[in-house]
Every structure is written in C-alpha cells, then in structure tokens.
Amino acid sequence: MNLAPCHVSGTQIPQTRFYISSSAGSRSTNVHTSVVCCSFSQLIGFKMANVLLLAAFLLSFSSPTKAQDTSIVISTANTEALERQLAENKEETGRLKNEVDRLSSLVETLLSRVDSLSAELSGERVRSAQLEQNLTRRVQELEVRLQTRCCSEMVPSPQGAETTANPRVTSTAVAGSSRDAQELKSDCAAYKASGQTTSGVYPLDSLPSGVQAYCDMDTAGGGWTVVQRRQDGSVPFNRTWEEYKLGFGDPGGEYWLGNENIHLLTNQKEYLLRVELQDWEGNQTFAEYSTFRVSGESDGYRLHISGYSGTAGDSMTGRPSNNGQRFSTVDRDNDASSGSCSQRYGQGGWWFNKCGYSYLNGRYLGNCENSCPAVQGVLWHHWRGGSYSLKSVSMKIRAS
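The structure displayed is predicted, hence computed values, not measured ones.

### Topic: the state of the cysteines
Any covalent bond linking the sulfur atoms of two cysteines counts as a disulfide. Evaluated as defined, the whole model comprises 3 disulfides. Linked covalently through their sulfurs, Cys341 and Cys355 form a disulfide whose S-S length is 1.8 Å. Note on the Cys341 and Cys355 pair: the S-S dihedral is about -80°, so by sign convention the disulfide is left-handed. With Cys341 in helix α7 (residues 341-344) and Cys355 in the loop between α7 and β13 (358-359), this residue pair connects regions lying 14 residues apart in the sequence. Judged by its relative accessible area of 0%, Cys341 is buried. Accessibility expressed as a relative area gives 9% for Cys355, which makes it buried. Paired by a disulfide, Cys368 and Cys372 hold their sulfur atoms 1.7 Å apart. Linking Cys368 and Cys372, the disulfide has an S-S dihedral of approximately 100° and is accordingly described as right-handed. Using a relative accessible area of 6% as the deciding quantity, one classes Cys372 as buried.

Set out below in structure tokens:
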C-alpha cells in the first residue's frame, strides 16, 4: 500500500509505506515498511487502516487453509471407507469363488459316477443278452439231440453201417460192443491203426473224460480227428471265449472241439491240418498244412501253422498270415488290428491278424452266392473271395 506524502509548516513529515507479500501455499505473510512523510495524525490514521487491512488480509488467507484441511480430513475418511468396502467385497468374492469351485468339483464327481454307472449298466445288458443267447442255443442243441435220438430209435440201421444223412446214428452204431470192449485211443489215427475203419464219434483218452471227436476214416487215407465242422448252420458259432475254450455243438454234426482240447492233442505229437471246403454249386477243394499246433491258454491259444499244399489256395499263411496269432472271440480281442475283428466280422472266434483271409467260424449265411455281406460268412478268400459264404467246411488233424 502506498501513501501520498504530506507537508506540515513547510516541513515534510515522514510517512510509512507498507508492502505486503505472501508465498503461495504458505501461511506466513511478510510485511515490509518504508518511511514516507506524513502528519502525525495521518500517520496514526493510516496505521490503523493498514492494521485493519492487514488483519483482513490475514483472515482471507487463513479461511481457505482451514477449509482445505477440512476437505483433506473428509477425503481421507472417504478413502478409508472405500478401502474397507473393497476389502470386504474382495473377501466375499473369494468366499463365493471357493463355493463355486466346491460345487463344480461335486458336479464333476457326480457326472463321473453317472458315466461309471451307465457303463456298468451297459455291460450288464450285454452280459444278459449273451446269457440269453447262450441259453437259447443250449435249448436248440438239446432239441436237435432229442430229435436225432428219437429218429435213430425209430429207424434202426445195420450194425457198423455209416449213414451220411445222420452222423449221430453212425456214431451210435459204431459205438457198439466191439468198440466198448477195446482200449481207448489217443486220437483217430490210433483207432485207424488198431483196425477201426468206420467213420463216427469216438472217445479220446488224451482228452478230459467224456470228450468225443468225430473220426473221418475215409478221406485221404483216414484217421483224421475232426476239430471243426460246419454243414447246415444248426449250431451258432458266435460264442464267448469260455465256450470256444471248452468246445460246443455235436461231434456228429456241427461243432468246435474246443481250444483246450485242440491244444492237448497237438502238443502230444506233431500234427498236420487238412481243411476241406464245399461251395453251393457242389464244388470241393482242400488245403493242407504240414505243421499245425495250438499253444495253451496262457499264450492265448496261439496258432503255429506252416507248409501249405492243396488246391484251395493259401488263405492261412499268406499275408496277412494267421501263423503266430492268438485266438480272439467277441469278448476277448487278441488280434493285431486296431479294432476287434471278431466283433466286426460275424462275432465268431478265430486266429485273426488284421483280420485275415480265412474265417471258417463266421456267420452261416446260406446260399447268398456273391452277394453276401462282405467278410461276414464262412470264408476262404483265395478260393471264393470275401463275399461268398461257403456251404460246408471242416478242419481235421492227423499225426504226421
């Protein structure tokens, strides 16, 4: 603030000049004075005015500071409240996340259990269906046997005569007093060597008690032990591992001697295999293998076969070869394919590779000629191809 100078009686009276300065953001105010001339009364009046102005100025500086301090306090309180709210929200979010994780884990456990129960139920349904099929087969086999026995009693045949139409009659006639009195033999070749020349069903002492096999005493010198035969489709061959192990069917008709029995026979001496085939036009052919042996169950009834000769073509040791392959059934897959050959092709048992060119235990499709479902019937690929199901086949072995 500047004050004009004054003169008293020609004498200049000193005045006081006030300079007020302040620093931004600071509560301090500096007051500077300089001396100017003025009267005493003016000096007093001006000083009082300056004091009042100074006080007003200082008050104007102090009020915003207090307001600012109050605003800072309020802002700090609001920040702390927000931080507390955020902390509480974060804690609640964590709790909810843990609960969601727990419920998700529970749902996964329940879904896994449902899948497991569904698989078990499907397995039970399959087993139930298989048991029903097996029971139906057993009933059918018993009916066939009963009818055969009734017919054999009603139509007697000469002692020792062979009746081609009914092999069981033949076996009953051959199993007369002359055979009962003689010693049991290990295989059909032994019976042939002992003088038995009639084809029929014979008990073999190399097999468990009660096991019988059909002996072909006529073909290629006779003495053949038949281990498999298909001729009319009366016996289904879509069987389980256990059934193929023990054998099924009627030795006088269609049957499978049993993997365990074939193993016992072929491991007592060296055997050769003869496969005989017939189509629906009456044509016949054969394939022989100079080596034929089947390992035990612990090795999957693995096939050992070699030395082809014959007229049918080699569908067992060509590529892909059945030699060295383990036996597979619909319920036990031992083949070299990525899928199950048995399930895919007729559900019968065989020494599949990938899957192979021979399948004598396939579905009996009847006379569908070359329009049969591919690789589903009774097959010998190198003779009639994979879409022709044969009328009759047999596998027979003899000591070499």
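### Thoughts on the packing of aromatic side chains
We describe a pair of aromatic rings using the distance from one ring centre to the other and the angle between the two ring planes. Under the definition given, this model contains 15 aromatic pairs. Ring centres 6.4 Å apart and planes at 65° place the aromatic pair Trp241 and Phe327 in the edge-to-face group. Of this pair, Trp241 sits in helix α5 (residues 241-246) while Phe327 sits in the loop between β12 (303-310) and α7, placing them 86 residues apart in sequence. Judged by its relative accessible area of 3%, Trp241 falls in the buried class. Ring centres of Phe292 and Trp351 lie 6.5 Å apart, and the angle between their planes is 85°; on these two criteria the pair is classed as edge-to-face. On the criterion of sequence distance, the pair formed by Phe292 in strand β11 (residues 284-294) and Trp351 in the loop between α7 and β13 is long-range, its members being 59 residues apart.

### Quick word on the pairing of β11
Two faces make up the sheet, and in a regular strand the side chains alternate between them. Relative to β11, strand β10 (residues 271-278) runs antiparallel, the two being bridged by 7 bridges. Across the sheet, the residue bridging to Gln278 is Gln284, located in β11. Once β10 ends, the chain turns through 5 residues before running back antiparallel as β11, passing Gly282 with a positive phi of about 90°. Inspection of the sheet shows β11 paired to β12 by 7 bridges, in the antiparallel sense. Bridge pairing links Tyr289 to Tyr308 in β12.

### Some points on unusual backbone geometry
A cis amide bond, omega -5°, links Arg319 with the succeeding residue Pro320. Looking at where Pro320 falls in the secondary structure, it is placed in the loop between β12 and α7. Residues Lys354 and Cys355 are joined by a peptide bond in cis, for which omega reads 0°. The backbone of Ala220 sits at a positive phi, close to 45°, despite the residue not being glycine.

### Re the pattern of salt bridges
Under the defined criterion, the tally for this structure stands at 13 salt bridges. Glu288 is the salt-bridge partner of Arg274, the closest N and O atoms lying 2.6 Å from each other. Separated by 14 residues along the polypeptide, Arg274 in strand β10 and Glu288 in strand β11 bring together distant segments of the chain. This pair shows no difference in class: Arg274 is buried, exactly as Glu288 is. Ionic pairing is found between Glu276 and Lys396, a salt bridge with its closest N-O pair at 3.0 Å. Of this pair, Glu276 sits in strand β10 while Lys396 sits in strand β15 (residues 392-399), and the two are 120 residues apart along the sequence. Judged on exposure class, the residue Glu276 and its partner Lys396 are both buried. One continuous salt-bridge network, built from bridges that share partners, spans Asp216, Arg274, Glu276, Glu288 and Lys396.

### Regarding the side chain of Asn259
Inspection of the secondary structure puts Asn259 in helix α6 (residues 259-266). For Asn259, a relative accessible area of 1% gives the class buried.

### A few points about a nonpolar patch on the surface
A grouping of Leu103, Leu106 and Leu110 is seen on the molecular surface, where their side chains present a nonpolar patch of about 270 Å² in accessible area. Within the fold, Leu103 resides in helix α1 (residues 40-154). The exposure class assigned to Leu103 is partly exposed, which follows from its relative accessible area of 40%.

How each quantity is defined
Residues numbered from 1 in each chain as written. Predicted model: local features only at pLDDT ≥ 70, side-chain atom pairs only at ≥ 80, totals over all residues. Heavy atoms only, no water. Disulfide = S-S within 2.5 Å. Helix = DSSP H or I, 4+ residues; strand = E, 2+ residues; numbered from the N terminus. Buried < 20%, exposed > 50% of the residue type's maximum accessible area, 1.4 Å probe, protein only. Phe/Tyr/Trp six-rings, centres within 6.5 Å; stacked < 30°, edge-to-face > 60°. Pairing = 2+ DSSP bridges. Salt bridge = Lys/Arg side-chain N within 4 Å of Asp/Glu carboxyl O. Patch = residues over 30% accessible without salt bridge, like charges linked within 9 Å, V, L, I, M, F, W, Y side chains within 5 Å. Areas by Shrake-Rupley, 256 points an atom, 1.4 Å probe, with all protein chains shown as cover.

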